[in-house]
Amino acid sequence: GAVVSQHPSWVICKSGTSVKIECRSLDFQATTMFWYRQFPKQSLMLMATSNEGSKATYEQGVEKDKFLINHASLTLSTLTVTSAHPEDSSFYICSAIPRRNEQFFGPGTRLTVL
Amino acid sequence: KQEVTQIPAALSVPEGENLVLNCSFTDSAIYNLQWFRQDPGKGLTSLLLIQSSQREQTSGRLNASLDKSSGRSTLYIAASQPGDSATYLCAAITQGGSEKLVFGKGTKLTVNP
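Residues numbered from 1 in each chain as written. Chains lettered and ligands numbered in written order. Predicted model: local features only at pLDDT ≥ 70, side-chain atom pairs only at ≥ 80, totals over all residues. Heavy atoms only, no water.

Visitor: It is not clear to me how the overall build of chain A should be interpreted in this structure. Could you clarify?
Guide: Looking only at helices and strands, chain A features zero helices and 11 strands. Order of helices (α) and strands (β) in chain A, N terminus to C terminus: β-β-β-β-β-β-β-β-β-β-β. Taken across its 114 residues, chain A has 52% of its residues classed as buried. As displayed, chain A has an accessible area near 5,600 Å², and 53% of this comes from carbon and sulfur atoms. Separation of charge centres in chain A, based on 11 positive and 9 negative side chains, amounts to 3 Å. (Helix = DSSP H or I, 4+ residues; strand = E, 2+ residues; numbered from the N terminus. Buried < 20%, exposed > 50% of the residue type's maximum accessible area, 1.4 Å probe, protein only. Areas by Shrake-Rupley, 256 points an atom, 1.4 Å probe, with all protein chains shown as cover. Lys, Arg positive; Asp, Glu negative; His and termini not counted. Charge placed at Lys NZ, Arg CZ, Asp CG, Glu CD.)

What follows is the structure, given as structure tokens:
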């Protein structure tokens, strides 16, 4: 149990386009999901907390208008990188919590912006 | 603000050796501490979760300990295998109910056949 999936697993796009990444909890409901970003040889940095049915909570320094988060159901959260630029190229990982305080992570999405 | 540090950044050992990975945290008021494994280009696999009231957890060849008073956790891997090669991350959740994980930068382990 406690499986989290992400789609797509990798995406290449042109600068200026928008990219949507999906995070799904497959066998449990998640009122809270988290979005992280990981640059090469760096640790995971929390971007935002996604709350079902309400606005996401963004960490300091993360532009909410650039990284749009929608948590429309108890099993799906989406992250849209708007007007992507090469500096947005990174590994994006989501996590969800099936039981208090134990997070399970998705396989990640590799975004490359040309 | 919670900060998590992992030492060493990289470790290379011969197959069969027992090893210890270290994790330290600055705020001892943690709710729990979690150890993860990350393979290159992949997501995170949860290995062990230690609640603040616990001192250790074991799963197979893995044993994780927690000493809140000293702000330290260790991950012990017995009889290491080449398949154990990966980056190991520790992360702490500070009390307060936010459920946010603060990660260390990880230890990249290479087990040589």
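Visitor: What exactly am I supposed to notice about the pairing of strand E7 (residues 67-73) of chain A here?
Guide: In summary, the side chains of a regular strand alternate between the two faces of the sheet. Residue and element names in this part refer to chain A. Note that E7 and strand E8 (residues 76-81) share five bridges and pair antiparallel. Paired with Leu-68 across the two strands is Thr-80, which belongs to E8. Connecting E7 to the next strand, E8, in antiparallel fashion are two residues. (Pairing = 2+ DSSP bridges.)

Visitor: In this structure, what is going on with the sheet that holds strand E8 (residues 72-77) of chain B? I would like to understand it.
Guide: To summarise the sheet geometry, strands pair through backbone hydrogen bonds and adopt either a parallel or an antiparallel arrangement. All names here are of chain B. Strand order in the open sheet made by the five strands is E1-E3-E8-E7-E6, with antiparallel pairing throughout. Two strands in the sheet have a free side with no partner beyond their single neighbour: strand E1 (4-7) and strand E6 (56-59). On average, adjacent strands in this sheet sit at an angle of 15° to one another, irrespective of strand direction. Judged from the six bridges that link them, strand E7 (residues 62-67) and E8 form a sheet pairing that is antiparallel. Pairing of Ser-65 across the sheet is with Thr-74, part of E8. (Axes fitted to C-alpha atoms, helices over the stretch in contact; angles between N-to-C directions.)

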